[in-house]
Amino acid sequence: MKLYLKPGACSLSPHIVLQELGLAHETEVVDLAKKVTASGANFLDINPKGYVPALTLDDGSLLTEGPAIVQYLADLHPEAKLAPPNGSLARYQLQSWLTYIGTELHKNFTPFFNPAASAEMKSQAGAMLQRRFALVESELASKSYLMGEDFTVADAYLFTVTSWAKFIKFDLSAFPQLQAFQTRVAARPAVQRALKAEGLI
Ligand SMILES: N[C@@H](CCC(=O)N[C@@H](CS)C(=O)NCC(=O)O)C(=O)O
């Protein structure tokens with residue numbers, strides 16, 4: 001399988017999961033502005049959505065949307081417990097977190113990476129991020145990871161999104177549990193491998 005990515009973007013989340021699971025894979029960097037891959041392919045021919053992450057499987061199938069990709073990968077090796085069993089309440093709680101991270105956190109970072117976004121849009125998104133991170137902060141007060149004491153794919157996504165705070169100068173000092181979470185996740189060997197592979201460390 002091959003993961004199309006941009007270093008440090010939301011594609012880092014499935015990249016971490018691939019590393020956590022030790023799955024054989026290739027990666028290819030995409031120039032998102034030009035929609036061209038590192039090998040010169042038209043990215044829109046590979047993923048008509050034009051964004052990363054995109055995962056192509058060995059049979060040629062395409063899977064897009066980060067939350068779907070990480071669950072697909074986790075289900076290839078259920079014994080690694082990166083996602084609870086399908087159909088269990090815990091699995092829906094994991095999906096609840098993935099949705100929260102995608103819609104309440106990830107998408108509130110988007111205006112900060114959009115040169116066309118107004119100051120007002122950024123201000124509104126920043127205020128929303130404060131509120132949404134506050135909930136994560138209170139959740140992490142009683143556990144090491146979002147789902148409890150075990151790392152899951154939701155943590156890979158939260159780590160990825162939270163790491164953007166430094167790029168937009170979003171102050172995380174009011175969120176010590178979240179900062180401790182970032183340090184805890186960054187120390188995982190698989191996370192180190194993914195960060196290294198993307199040239200981020
Ligand atoms: N709904 C998608 C959103 C993915 C997304 O926002 N990708 C960004 C990078 S973090 C991107 O590729 N943006 C470039 C573009 O939209 O042209 C998902 O959750 O996977």
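Once a new chain begins, its residue numbering starts again from 1 and follows that chain's sequence as written. Side-chain atom pairs in this predicted model are given and counted only at pLDDT of 80 or more, local residue features only at pLDDT of at least 70, and totals for whole chains, interfaces and linings cover all residues. With hydrogens and water set aside, each side-chain value is computed from the structure's full complement of heavy atoms.

## A few points about the sheet that holds strand E1 (residues 2-5)
Within a beta sheet, neighbouring strands are joined by backbone hydrogen bonds and run either parallel or antiparallel to one another. Note the cut-off: A pair of strands is treated as paired once DSSP finds two or more bridges between them. What counts as a helix is a DSSP run of H or I of at least four residues, what counts as a strand is a run of E of at least two, and both are numbered from the N terminus. Contact criterion: two residues are considered in contact whenever any of their non-hydrogen atoms come within 4.5 Å of each other. The convention used is that axes are lines fitted to C-alpha atoms, helices contributing only their stretch in contact, and that angles between N-to-C directions extend from 0 to 180 degrees.
Taken together, five strands build an open sheet; the order of strands is E3-E2-E1-E4-E5 and the sheet is mixed. Looking at the sheet topology across the chains shown, the edges are occupied by strand E3 (36-37) and strand E5 (62-64). Packed onto the sheet, helix H3 (residues 66-76) meets strand E4 (54-56) and E5 and runs at close to 120 degrees relative to E5.

## A look at the site of the ligand
Note the following rule: A cutoff of 4 Å decides nearness: a residue is near a molecule or strand if any of its heavy atoms lies inside that distance of it. Polar contact criterion, stated in full: a pair of N or O atoms within 3.5 Å, where within protein one must be able to donate a hydrogen and the other to accept it, and residues adjacent in sequence count only if both atoms are side-chain atoms. To be clear on the numbers: accessible area is Shrake-Rupley with a 1.4 Å probe, and residue cover counts the displayed protein chains and nothing else.
Near the ligand, the surroundings consist of 13 residues, among which Cys 10, Lys 35, Val 52, Glu 65 and Gly 66 are the closest. A distance of 2.6 Å is found between an oxygen atom of the ligand and a side-chain nitrogen or oxygen belonging to Lys 35. In this structure, an oxygen atom belonging to the ligand sits 3.3 Å away from a side-chain N or O atom of His 106. Calculation on the ligand without its partners gives an accessible area of 520 Å², and the protein chains cover 74% of this total. Looking at the shell around the ligand, the elements with two or more residues in it are H3 and helix H4 (89-109).

## Regarding the domain arrangement of the protein
How we decide: Domain extents, as shown, originate in an automatic or database domain assignment. Once two parts are joined, some of their accessible surface, as seen by a 1.4 Å probe, is lost; buried area is that loss totalled over both. Only one rule defines a salt bridge in this text: a Lys or Arg side-chain nitrogen within 4 Å of an Asp or Glu carboxyl oxygen.
Segmentation of the protein into domains returns domain 1 (2-80 + 190-197) and domain 2 (89-188). Measuring from the centre of the C-alpha atoms in domain 1 to the corresponding centre in domain 2 gives 20 Å. Across the contact, 17 residues belong to domain 1 and 15 residues belong to domain 2. Taken together, the two surfaces of domain 1 and domain 2 that pack against each other cover about 1300 Å², and 63% of this comes from carbon and sulfur. Together, Cys 10, Gln 71 and Val 191 form the three largest contributors to the area buried by domain 1 at its contact with domain 2, with a combined 32%. Joining domain 1 to domain 2, the criterion identifies two salt bridges. A salt bridge links Asp 75 to Arg 91; the shortest N-O distance between them is 2.8 Å. On the surface where domain 1 and domain 2 come into contact, there are 11 residue pairs in polar contact (both at pLDDT 80 or more).

## Overview of the nonpolar core
Selection rule: Only buried Ala, Val, Leu, Ile, Met, Phe, Trp, Tyr and Cys residues count toward a nonpolar core, and they belong to the same one when joined by side-chain atoms within 4.5 Å. Remark: exposure states derive from per-residue accessible area (1.4 Å probe, protein chains only) relative to the maximum for the residue type, with buried under 20%, exposed over 50%, and partly exposed in between.
Core analysis: the largest hydrophobic core is formed by 51 residues, its most contacted members being Leu 73, Leu 105, Val 136, Leu 158 and Leu 178. Mapped onto this core, the elements with two or more residues apiece are E1, helix H1 (12-21), H3, H4, helix H5 (119-140), helix H6 (153-162), helix H7 (176-186) and helix H8 (189-197). Of the domains in this structure, domain 1 (2-80 + 190-197) and domain 2 (89-188) are the two that each give at least three residues to this core. If near-sequence neighbours (up to four positions away) are discounted, Leu 158 is found in contact with Ile 101, Leu 105, Val 136, Leu 140, Leu 146, Leu 178, Phe 181 and Gln 182.

## Quick word on the environment of Phe 175
By the element assignment, Phe 175 lies in the loop between H6 and H7. Taking the relative accessible area as the measure of exposure, Phe 175 reaches 5% and is therefore buried. Separated by 39 residues in the primary sequence, Phe 175 and Val 136 place their C-alpha atoms 8.8 Å from one another. Sequence-distant contacts of Phe 175, defined by excluding residues within four places in its chain, comprise Gln 130, Phe 133, Ala 134, Glu 137 and Phe 170.

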